[in-house]
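Notes for the structure review
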Amino acid sequence: RDRDVTGVQTCALPICFFTARISDIAKRADVADGTVYLYFKSKEEILMKAINAAFDAFMSHARIELSKIDSPEQQLRRLAYLHLEAMGSNRNAAIVFQMELRQSTRFLEEFSHDHMVEYFALVREAIRRGQQDGTFRPDFSDKVAANCFFGSLDEMVTSWVLSGEDYPLANAADHICDVILRGLEK
């Protein structure tokens with residue numbers, strides 16, 4: 001079990017977060033109920049801290065990885081792989097992201113406002129660079145392409161979660177990119 005900066009174990013989120021009580025979360029984290037309240041005002045704050053920490057770590061890693069790659073196509077392939085690898089490496093976290101978080105419009109709006117803009121900016125930047133260097137069609141909206149890219153990855157994660165099967169999710173990255181990138185080709 002890994003601990004984040006608050007000292008609470010990051011794998012401590014129960015699978016059904018929204019029906020869990022603070023005592024359930026504390027038990028899963030192997031701490032006293034009162035300890036949870038030393039760091040968090042509510043269980044919703046626990047969820048947002050965990051999500052923010054996970055997303056910030058992912059984006060930091062993705063930026064570093066993409067900065068090593070010149071080709072816009074290869075950047076998108078790497079980002080797709082990183083996305084699916086991150087979600088596929090922790091089924092409980094994937095369940096929270098794909099199912100639990102989407103039960104709350106407030107959480108989804110906060111997450112979308114704070115983080116998805118940042119994710120989509122990486123995708124759109126790679127697409128625009130590919131359009132500028134002649135790799136991708138210039139007549140295709142980078143916003144539409146970014147939505148298709150993310151939507152495909154997101155649906156693959158949802159299908160993986162719902163299947164209950166344990167297969168390497170990241171292996172689908174190239175297949176997804178083949179479909180999306182073929183539509184962008186000149």
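This report concerns the structure included in the present document. (Residues numbered from 1 in each chain as written. Predicted model: local features only at pLDDT ≥ 70, side-chain atom pairs only at ≥ 80, totals over all residues. Heavy atoms only, no water.)

**Looking at the overall build of the protein chain**
Note the threshold: The helix and strand labels rest on DSSP assignments: H or I over at least four residues marks a helix, E over at least two residues marks a strand, and numbering proceeds from the N terminus. For each residue, the accessible area found with a 1.4 Å probe, counting protein chains only, is set against the maximum for its type, and the residue is called buried under 20%, exposed over 50%, and partly exposed in between. Residues count as neighbours in contact if any of their non-hydrogen atoms are within 4.5 Å of one another. Note on areas: these come from Shrake-Rupley sampling with a 1.4 Å probe, and a residue is covered only by the protein chains present in the view.
The secondary structure content of the protein chain amounts to eight helices and zero strands. Seen in sequence order, the protein chain has helices and strands lined up from the N terminus as α-α-α-α-α-α-α-α. The buried share of the protein chain, reckoned over its 186 residues, is 41%. Within the protein chain, contacts between residues at least 6 apart in sequence are counted, and of these 65% link residues at least 24 apart. Of the roughly 10000 Å² of accessible surface on the protein chain, 52% is carried by carbon and sulfur atoms.

**A word on unusual backbone geometry**
Phi at Asp30 takes a positive value of approximately 60°, unusual for a residue other than glycine. Note on placement: Asp30 falls in the loop between α1 (22-29) and α2 (33-39). The exposed category is assigned to Asp30, whose relative accessible area is 64%.

**Some points on the side chain of Arg77**
Along the chain, the position of Arg77 falls in helix α4 (residues 72-88). Once you skip the residues sitting within four places of it in the chain, Arg77 turns out to touch Asp174, Cys177, Asp178, Leu181 and Arg182.

**Topic: the pattern of salt bridges**
Rules: Think of a salt bridge as a Lys or Arg side-chain nitrogen and an Asp or Glu carboxyl oxygen that are within 4 Å of each other.
Considering all chains together, one arrives at 10 salt bridges under this definition. For the salt bridge of Glu65 with Arg78, the shortest nitrogen-to-oxygen distance reads 3.0 Å. A residue pair is termed long-range when its members are at least 10 positions apart, and Glu65 in helix α3 (residues 43-67) and Arg78 in helix α4 qualify at 13 residues. Residue classification places Glu65 among the buried residues on the basis of a relative accessible area of 14%. In this structure, Glu73 and Arg77 form a salt bridge, with 3.2 Å as the shortest nitrogen-oxygen distance. Separated by four residues within a single helix, Glu73 and Arg77 lie in helix α4, roughly one turn from each other. The partly exposed category is assigned to Glu73, whose relative accessible area is 23%. Each member of the salt-bridge network shares a partner with another, and the members are Glu73, Arg77, Asp174 and Asp178.

**Describing the packing of α4 against helix α7 (residues 142-163)**
The description of two packed helices rests on the angle between their axes and on the distance between the axes. This is how it is decided: Structural elements are reduced to axes, namely lines fitted to C-alpha atoms, with helices fitted over the stretch in contact, and the angle between N-to-C directions of any two is expressed from 0 to 180 degrees. Here roughly perpendicular refers to angles of 65 to 115 degrees, roughly parallel to angles under 35, roughly antiparallel to angles over 145, and oblique to all remaining angles. For any helix crossing, the convention is left-handed if the near helix is rotated counterclockwise from the far helix by under a right angle, and right-handed if that rotation is clockwise.
It is at 10 Å that the axes of α4 and α7 come closest, and there the two elements cross at 25°. Viewed along their axes, α4 and α7 adopt a mutual orientation that is roughly parallel. At the point where α4 passes α7, the crossing takes the right-handed sense. When α4 is examined against α7, the residues Leu76, Leu79, Ala80, His83, Leu84, Met87 and Gly88 are found in contact with a partner set consisting of Phe149, Phe150, Leu153, Met156, Val157 and Trp160.

**Description of the packing of aromatic side chains**
Worth spelling out the cut-off: For this analysis, a ring pair means two rings from Phe, Tyr or Trp (six-membered ring only for Trp) whose centres lie within 6.5 Å, classed as stacked if their planes differ by under 30 degrees, edge-to-face if by over 60, and tilted for the remaining angles.
Under the criterion given, the structure shown has six aromatic pairs. When the ring of Tyr39 is compared with that of Phe40, the centres are 6.5 Å apart and the planes differ by 55°; the resulting orientation is tilted. Using a relative accessible area of 42% as the deciding quantity, one classes Tyr39 as partly exposed. Judged by its relative accessible area of 3%, Phe40 is buried. With centroids separated by 5.5 Å and ring planes inclined at 75°, the aromatic side chains of Tyr119 and Phe150 adopt a geometry described as edge-to-face. Linking Tyr119 in helix α6 (residues 105-132) with Phe150 in helix α7, this pair joins segments that are 31 residues apart in sequence.

**Let's talk about the nonpolar core**
This is how the line gets drawn: For the purposes of this section, nonpolar cores are sets of buried Ala, Val, Leu, Ile, Met, Phe, Trp, Tyr and Cys residues that join through side-chain atoms within 4.5 Å.
Counting 45 residues, the largest nonpolar core has Leu76, Leu79, Leu84, Tyr119, Val123 and Phe149 as the members making the most contacts within it. Mapped onto this core, the elements with two or more residues apiece are α3, α4, α5 (91-100), α6, α7 and α8 (173-184). Leave out the neighbours within four places in its chain, and Leu76 touches Val123, Ala126, Ile127, Phe136, Phe149, Cys177 and Leu181. Ile22, Ile25, Phe40 and Ile46 belong to the second largest nonpolar core, which has seven residues in total.

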